[in-house]
Amino acid sequence: EQDAPLEVVSALLTAWPGAVNVKDNDYDRTPLQRACYYISTLEVVIPLLNTWLSFKENRTNRAILSFQEEEYAFYRDVYVLFSRLHALCNNNTDNHSPKEIMDYFIRIQ
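Please read all numbers here as calculations on a predicted model, not as lab measurements.

Calculation criteria
- Residues numbered from 1 in each chain as written.
- Predicted model: local features only at pLDDT ≥ 70, side-chain atom pairs only at ≥ 80, totals over all residues.
- Heavy atoms only, no water.
- Salt bridge = Lys/Arg side-chain N within 4 Å of Asp/Glu carboxyl O.
- Helix = DSSP H or I, 4+ residues; strand = E, 2+ residues; numbered from the N terminus.
- Buried < 20%, exposed > 50% of the residue type's maximum accessible area, 1.4 Å probe, protein only.
- Phe/Tyr/Trp six-rings, centres within 6.5 Å; stacked < 30°, edge-to-face > 60°.

Trainee: Explanation requested: the pattern of salt bridges in the structure shown.
Mentor: When their charged atoms lie close together, side chains carrying opposite charge are able to pair. Inspection of every chain in the model, using the stated rule, returns one salt bridge. When the shortest N-O distance is used, the salt bridge between Asp-24 and Arg-34 registers 2.5 Å. Here Asp-24 is found in the loop between helix 1 (6-15) and helix 2 (31-37), whereas its partner Arg-34 is found in helix 2, with ten residues between them in sequence. By relative accessible area, Asp-24 is classed as buried at 18%. A relative accessible area of 18% places Arg-34 in the buried class.

Set out below in structure tokens:
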């Protein structure tokens, strides 16, 4: 499958932010899960992730760590994003200090 253009993703999220939680009929995946599964770029994943995290039910460790359970073939920069997010959820700062993790999230915005 091909990445949806950033403009399409942005327009959808602006018109209907709740779409980020709607699962497809084919594989029961949300747009963020599909983006990760189909190796989307960081520029497409970030707005999906930001919108997804804007919903309280998605800001749990279980919801965030669910992206470890599937076998996603992330682009390197998307992999780094999720690895930092997972480290925060697991309170695992063995590889990176809290400041390094915070600096990373500031830098990608």
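Picking up after the structure, the text goes on.
Trainee: Looking at this structure, I do not really get the packing of aromatic side chains. What am I missing?
Mentor: By convention here, two paired aromatic rings are described through the distance between centres and the angle between planes. Enumeration over the complete set of coordinates arrives at four aromatic pairs. Arranged with centres 5.4 Å apart and planes meeting at 90 degrees, the rings of Trp-52 and Phe-67 form a pair that is edge-to-face. You can see Trp-52 sitting in helix 3 (residues 42-53) and its partner Phe-67 sitting in helix 4 (residues 61-69), a full 15 residues away along the chain. Ring geometry for Phe-67 versus Phe-82: centroids 5.1 Å apart, planes at 35 degrees, classification tilted.

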